[in-house]
Amino acid sequence: MSGYPRVKPANQAESEVRPVLGPAGNNKERSVMELRKPVVKPKIVVNKAQEIDEKKAPVVVGDLSPSPKKKFACSAPALMRHQSQQQEHKSFLLRSNLSMNASCSSDASTDSSHSRASTGRISRRSLTPTRIRRKPQCGTKTEKVEKLEKISGEVESVAMLGAGDDSVAKKRCAWVTPNTDPIYAAFHDEEWGVPVHEDKKLFEFLSLSTALAELTWPTILNKRHLFREVFLDFEPVAVSKLNEKKITTPGSPASSLLSELKLRAIIENARETCKIIEEFGSFHKYIWGFVSNKPIIGHFRYPRQVPIKTSKADAISKDMVRRGFRGVGPTVVYSFMQVAGITNDHLITCFRFNDCVAVADARDRDNGGLIAKIEEKEQQLLDSSQVGCLERTLNVLSLST
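Residues numbered from 1 in each chain as written. Predicted model: local features only at pLDDT ≥ 70, side-chain atom pairs only at ≥ 80, totals over all residues. Heavy atoms only, no water.

Engineer: What is the right way to read unusual backbone geometry from this model?
Structural biologist: Generally, phi is negative for residues other than glycine and the peptide bonds are trans, each holding for most cases. Phi at Asp233 takes a positive value of approximately 60°, unusual for a residue other than glycine. Residue position: Asp233 is located in the loop between α8 (224-230) and α9 (236-240). In this structure, Ser292 is a non-glycine residue whose phi angle is positive, near 60°. (Helix = DSSP H or I, 4+ residues; strand = E, 2+ residues; numbered from the N terminus.)

Right, dumping it as C-alpha cells:
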C-alpha cells in the first residue's frame, strides 16, 4: 500500500494479545497481525483535473533523499497537521469543482435562453407533462393519391376563356393546363369529343390519329394547314389518286411532315375508305355501326381512369386491318374514336362533357324525328295504296254486275 508510514507514539504501550472466539471456542490464540483487519477508507471521487493538479504538486513530507535505506523521522503532531492540511486541500478542490460546474450550467442555461429569445421561441413549460396529440393519419395510399389527383385536377383544369371583363373561368380536362398550347386548348374546346358523321372529317381525323405514332397533338395541329395542302383537304377520292413516289420524294413538303411509311399508309387508307363508301354507302355508317350509332360515354373523373385502348377499339382495328388499312392499331383507333366523338372521354368535371352529350342527344332526337317522318310517309303511302286497291275492286265488281 502507498502512503506515509505510521509513527508509533513514544508513550504508548504495546498492545497485549487477547483471545478471540473462534469456531472451536477460546482455545486458539492468534497473533496481532492475524487479528488486525485492514481498514477500508471511503473512496473520494476526484475529477481528472484534481488528479492532474495533485500529480503536478505533490505534498512532500520528510527528507526526500535518493538513498532508499534512509527512514522518515517525523513526530506525531507534525503528521497530524499534515493530514489535516491534506484534507482541507481536498475539500477546497471539491468545492471549487462544484462551483465551476454550477457556473457552467448556469452559463449554458443563460446562453440557451438568449438563443431562444433571439429566435422568438421563448415558452414556459408547465411542471406537469403534456400529452402530444398526434394528427389522425389518412387512409390508405390509394386514397392519398386520389386526393392529390383530385386537388391537382381541380387546380389545373381551371382555365380562362375569352379575354377582358367578359372572360369566365371554366373547368377543362386536367391534361389541358394554363400552360398548354392555345391551339390544342381550342381544339379541345371546339372539336375533340364532338360526334362527327361526315366522311371527309372522319377520314381527316383517322389520318391525323395515324400521325400520332410519330407526332403529338400540338405539333399536328400547328402543321394542320400543311397536312391539308399535301393531302388535298383530306378528300378520300382525291387522296386515293395521289402518286406515292411524288409524295415520298425527299425534299417534298410531305416528307417534312411524316415518314415515308406513314405517308404511304394514309394514301392506302384513302383507297380502302373509298371501298367502304361503295359497300356501306358512307364511311360513317361503317364506323358508327360498331357502337350502334350512339357514342360511348366514359364518365371518368380522373385522368388515370381514361384508357389508351379498349376491347371495342381492338375489334374495330382488327376489322380495318382485315380490309387492308395500315397503321390502325388499337391505340390509334381509340385516339380516332376519342377525337371523332365515337367515345366521350371528357372528364365529368370538364365543361365540354355535357356539351358533347347534348350534341349526341340532339342528333338522336333529330334522327328519331326523321325516322318518325319516314314511317308516317310510308304509312300514308300504304293507306293510299290500300284505298286504290279498294277502288279497283269496286270497279271490277260493278262491271261484272
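Engineer: Would you explain the packing of helix α13 (residues 311-323) against helix α14 (residues 330-339) in this entry?
Structural biologist: When two helices pack together, their arrangement is given by the angle between the helix axes and by the axis-to-axis distance. Look at α13 against α14: their axes get within 8 Å of each other, and the N-to-C directions meet at 110°. Judged on the interaxial angle alone, α14 and α13 are roughly perpendicular. Considering how the two elements wind past one another, α13 and α14 form a crossing that is right-handed. Across the interface between the two elements, Lys312, Ala313, Asp314, Ile316, Ser317 and Met320 of α13 pack against Pro330, Val333, Tyr334 and Met337 of α14. Here the contact of α13 with α14 is built from residues that sort into 7 nonpolar, 1 polar and 2 charged. (Axes fitted to C-alpha atoms, helices over the stretch in contact; angles between N-to-C directions. Parallel < 35°, antiparallel > 145°, perpendicular 65-115°, else oblique. Left-handed = near helix turned anticlockwise from the far one by under 90°. Contact = heavy atoms within 4.5 Å. Nonpolar A, V, L, I, M, F, W, Y, C, P; charged D, E, K, R; others polar.)

Engineer: Explain the packing of aromatic side chains to me, please; I cannot follow it from the model alone.
Structural biologist: For any pair of aromatic rings, the description consists of the separation of the ring centres together with the inter-plane angle of the planes. Applying the stated rule across the entire model yields 8 aromatic pairs. Ring centres of Phe203 and Phe234 lie 6.3 Å apart, and the angle between their planes is 65°; on these two criteria the pair is classed as edge-to-face. Here Phe203, found in helix α6 (residues 199-211), pairs with Phe234, found in the loop between α8 and α9; they are 31 residues apart in sequence, far enough to count as distant. A relative accessible area of 0% places Phe203 in the buried class. Arranged with centres 5.8 Å apart and planes meeting at 25°, the rings of Phe231 and Phe234 form a pair that is stacked. The pair formed by Phe231 and Phe234 is uniform in burial state, with each residue classed as buried. Taken together, Phe280, Phe283, Tyr286 and Phe290 form an aromatic cluster joined through their ring pairs. (Phe/Tyr/Trp six-rings, centres within 6.5 Å; stacked < 30°, edge-to-face > 60°. Buried < 20%, exposed > 50% of the residue type's maximum accessible area, 1.4 Å probe, protein only.)

The values reported here are purely geometric and, on their own, carry no functional implication.
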